[in-house]
Amino acid sequence: MSEMQTPVAPTPTEPKRKSVKKKQSRRKIRNAIVTLVVLGALGVGGYFLYGFLNKEEEVNTELQTAVADWSSIQSSVQGSGSARAKESAAITLTQSGTVQQLYVNAGDVVTAGQPLYTIFSQAAEDEVSTRQRDLQKAQDDLADLQREMSDLYKQQNNLTVRAPFDGKIIDFTEFTEGLDIAKGATVCSLVNDRQLKLSLYFSYAYADEISVGQAVSVSIPAVMKTFDSGRVEKINKVHYISPEGADHFEVVVVFDNPGTLTEGMTATAALTASDGSPIYPYENGKTEYYEVRKVVTEAGGPMVRTNLLRYADVKEGDELLVMSSDTIDEELRSYRDRIETAQKNITTAQEALEKSQEALQDYDAVAPIDGTVTSCTLVEGGEVKNGDTVITISNNTTMVVTIDVDDRNIAYVKPGMGVDLMSNWGDGGSFYGVVTKIDMSLSGDSMGSGMTNYPVTLEVDNYDGSLLEGMWLNYSFVTSQSDNCITVPMQSVKYVSTEDGGTASVVFIQAEQKPENAVDIDIPERMPGETPNYPTEDDGFYAVPVETGLSDNYNVEIKSGLEGGETIFVNYFVQSAWG
């Protein structure tokens, strides 16, 4: 078998290697170009970005000026307020009821005292009765307290027990100092032994021969003396029957005690009949003290001291016993507080009664004022309830407008001053108000401006009725005026700091050279891109101090510092700002 050989193609040599190298070379060149372009773009962008971030803001401003003119200026007060009737009355019920008769309707003109309606209210009548009982009880409570307090005062006066008459102490109670003595305790037994009395019985046969005041001779066997100072003090037509069957009546004889007699002594008496014959009693009697009394305390308290001695003679008014007033003093203080409370209760009850009586009148009401019925909610036969306002009457012939004037202008407002008013309703309308009241006691920062405002009341004639309740009115009035004065725009007055820490008012005037009254002020250095606040001397302007006066909404009076006609700096006008 013969051997087979596969033919082999010849390997390319030099020509093929040159083609690859050329392609690689072109790729490298292209990449380099792209890199250079990108780097260039980045550099340009960075440059512009750097310039943008570090560029100073540019401001285009224009300096505004004005001329200090000679003119007139007024200071005025402006504002608004609502109108209301000077006099109005509303009737509000306090109890329920039924409308029986209705005499008026809304819109009717009424005069004071004219009947309005009749309403029956049992609850209102019951309320009056209840309040009357409450008042009577409060008055009774006060009367009881006053009576009890009067008794305490009497007890206080009776803390010192005194002898009620001239006499002799025949018995007494011993008290310990400092211990309480009860009211009604027996202090002593006091007798009137200046006189003695004798009870004797005489036959009725002498009934016409013995009379009160008749002289009597009293005989006392123990001392074997007769006393002619006796007299008949009393005749008692009793019937004492003696063992012998005779009828007798009692005669009480009183006679003076010379000081040697006492009670219980046997005694007899003799009287003289009209014919001169003697009259003797049926039997002897026993002498008695003319008066015997137990002295008791009329108040209680701790014992302070006593002057009690058995058989001691005392005079009327002599001090027998003294007690401390501490307990009663405390009670009196308590009663004073209770009486004060009771008096307040009476006042409260009286006011409640008057209020209920006035409320009851509202159920059979008459017009309280002249005016127009502005509202009426009643219907005959209808029911009303507590809290219903059934009638409102307003006298609109005079209206009232209240305005607020701040503390800068209140001194210029005087009673009787006129104020122009303008309505902003519909086509408007002008009115004229007169100041009737300036209330300096009521003030406040009503607008949150830091200024004090005072209410001022205006009265407006409204005979034609064109000014309605609740209508808003604008007001304006001049508080002060200066004529032939220098005025400048308000913005031209600048307030700058002084070296002593205060504030000065200045105006920048344009001048070729620095005026004599010009002052140096510290003008802060302006930062790049910042709008200037004040002009400088390089701009030809100088700061001069000024004294200001009146001002309106646009201009201010210059009282000193300017002569008039000067060109003054007002402000900077910013035309554009960019960057």
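Above: the structure in question.
Caption draft 1: Representation of the overall build of the chain in the model. Each helix and strand counted, the chain has three helices and 31 strands in total. For the chain, the residues scored as buried account for 32% of the 579 residues in total. A fraction of 75% describes how many contacts in the chain between residues 6 or more apart in sequence connect residues 24 or more apart. Accessible surface, the chain as shown: approximately 35,300 Å² in total, 49% of it carbon and sulfur.

Caption draft 2: Seen up close, helix H3 (residues 326–361). For H3, which comprises 36 residues, the first-to-last C-alpha distance of 53 Å matches the rise-based estimate of 52 Å (1.5 Å per residue) to within 8%. Against the buried residues of H3 lie helix H2 (122–157).

Caption draft 3: The arrangement of the side chain of Thr 118 in detail. For Thr 118, the position within the fold is in strand S5 (residues 117–120). You can call Thr 118 buried: its relative accessible area is 14%. Among the polar contacts listed, one links the side chain of Thr 118 to the side chain of Asp 364, at a separation of 3.3 Å.

Caption draft 4: Molecular detail of the sheet that holds strand S8 (residues 180–181). A sheet is described by the order of its strands in space; here four strands give the open sequence S6-S18-S16-S8, paired in antiparallel fashion. In this open sheet, the two edge strands, each paired with only one partner strand, are strand S6 (160–162) and S8. Bridge count between S8 and strand S16 (residues 301–306): two bridges; the pairing is antiparallel. Pairing of Ile 181 across the sheet is with Gly 301, part of S16.

Caption draft 5: Layout of the pairing of strand S23 (residues 429–438). Alignment of strand S22 (residues 418–423) against S23, held across six bridges, turns out to be antiparallel. Counted as the bridge partner of Met 422 is Ser 430 from S23.

Caption draft 6: The arrangement of the sheet that holds strand S20 (residues 383–384) in detail. Read across the sheet, three strands follow the order S5-S3-S20 without closing on themselves; strand pairing throughout is antiparallel. The open sheet has two edge strands with one neighbour each: S5 and S20. Strand direction decides the pairing type here: strand S3 (residues 97–102) and S5, joined by four bridges, are antiparallel. By the bridge assignment, Gln 101 is partnered in S5 with Thr 118.

Caption draft 7: Seen up close, the packing of aromatic side chains. If you walk through the whole model with that rule in mind, you get nine aromatic pairs. Ring plane angle 70 degrees and centroid distance 6.4 Å describe the contact between Phe 541 and Phe 569, whose orientation is recorded as edge-to-face. Taken together, the residues span a long stretch of sequence, with Phe 541 in strand S28 (residues 541–545) and Phe 569 in strand S31 (residues 567–578) at a distance of 28 residues. Neither residue differs from the other here; Phe 541 and Phe 569 are each classed as buried. Consider the rings of Phe 569 and Tyr 572, whose centres lie 5.2 Å apart with planes at 55 degrees: the pair is tilted. Of the two residues, Phe 569 and Tyr 572, neither departs from the other in class, the shared state being buried. Grouping aromatic residues by their ring pairs yields a cluster made of Phe 508, Tyr 534, Phe 541, Phe 569 and Tyr 572. One residue, Lys 237, lies across the ring of Phe 249, its end atom 6.0 Å from the ring centre. One cation-aromatic arrangement involves Arg 338 over Tyr 335; the distance from NZ or CZ to the ring centre is 4.7 Å.

Caption draft 8: Spatial organisation of the pairing of strand S25 (residues 472–489). Pairing geometry for strand S2 (residues 69–92) and S25, over 13 bridges, is antiparallel. Paired with Asp 69 across the bridge in S25 is Thr 487. Pairing of S25 with strand S30 (residues 555–560) involves four bridges; the strand directions are antiparallel. Across the sheet, residue Thr 487 finds its bridge partner in S30, namely Glu 557.

Caption draft 9: Up close: the packing of H2 against H3. Packing of H2 against H3 leaves a shortest axis separation of 8 Å and a crossing angle of 160 degrees. In terms of orientation, H2 and H3 fall into the roughly antiparallel class. Crossing of H2 against H3: the hand is left-handed. Partitioned by chemical class, the residues of the contact of H2 with H3 number 19 nonpolar, 10 polar and nine charged.

Caption draft 10: Inspection of the pattern of salt bridges at higher detail. Considering all chains together, one arrives at 14 salt bridges under this definition. When the shortest N-O distance is used, the salt bridge between Asp 144 and Arg 147 registers 2.3 Å. Placement of both Asp 144 and Arg 147 in helix H2 is noted, with a separation of three residues, approximately one turn of the helix. Owing to a relative accessible area of 47%, Arg 147 belongs among the partly exposed residues under this scheme. We note a salt bridge from Arg 310 to Asp 171, for which the minimum N-O separation is 3.0 Å. Taken together, the positions of Arg 310 in the loop between S16 and strand S17 (313–314) and Asp 171 in strand S7 (residues 167–172) put the pair 139 residues apart, joining distant regions of the chain.

Caption draft 11: Broad picture of unusual backbone geometry. Even without being a glycine, Met 224 presents a positive backbone phi close to 55 degrees. A positive phi is found at Tyr 311, a non-glycine position, where the angle reads about 70 degrees. Here Tyr 311 shows up in the loop between S16 and S17. Among the residues examined, Tyr 311 registers a relative accessible area of 56% and is labelled exposed.

What counts, and where the lines are drawn
Starting from 1, residues in each chain are numbered consecutively following that chain's sequence as written. Side-chain atom pairs in this predicted model are given and counted only at pLDDT of 80 or more, local residue features only at pLDDT of at least 70, and totals for whole chains, interfaces and linings cover all residues. Computation of side-chain values: all heavy atoms of the structure, hydrogens and water removed. We count a stretch as a helix when DSSP gives it H or I for four or more residues in a row; a strand needs E for two or more, and each element gets its number in order from the N terminus. Each residue is assigned to one of three classes by its accessible area relative to the maximum for its type, calculated with a 1.4 Å probe on protein chains only: buried under 20%, partly exposed between the two thresholds, exposed over 50%. Whether two residues are in contact is decided by their heavy atoms: any pair within 4.5 Å suffices. Residue-level accessible areas treat just the shown protein chains as cover; the underlying method is Shrake-Rupley with a 1.4 Å probe. The span one expects for a helix is its residue count, reduced by one, times 1.5 Å. Polar contacts here mean pairs of N or O atoms no more than 3.5 Å apart (in protein, one a potential hydrogen donor and the other a potential acceptor; neighbouring residues in sequence count only if both atoms are side-chain atoms). Strands qualify as paired when DSSP identifies two bridges or more between them. Pairing of aromatic side chains requires ring centres within 6.5 Å, counting the rings of Phe and Tyr and the six-membered ring of Trp. Pairs whose planes differ by under 30 degrees are stacked, by over 60 edge-to-face, and all others tilted. Two conditions define a charge located above a ring, namely a distance within 6 Å from the ring centre to NZ of Lys or CZ of Arg, and an angle within 35 degrees of the ring normal. Comment: axis = line fitted to C-alpha atoms, over the contacting stretch for helices; angle = value between 0 and 180 degrees taken between N-to-C directions. Should an angle lie under 35 degrees it is considered roughly parallel, over 145 roughly antiparallel, and from 65 to 115 roughly perpendicular; all remaining angles are considered oblique. Take the far helix as your reference; a near helix turned counterclockwise from it by less than a right angle gives a left-handed crossing, and one turned clockwise gives a right-handed crossing. Charged residues are taken to be Asp, Glu, Lys and Arg, nonpolar residues to be Ala, Val, Leu, Ile, Met, Phe, Trp, Tyr, Cys and Pro, and polar residues to be all remaining types, Gly included. Any carboxyl oxygen of Asp or Glu within 4 Å of a side-chain nitrogen of Lys or Arg constitutes a salt bridge here.

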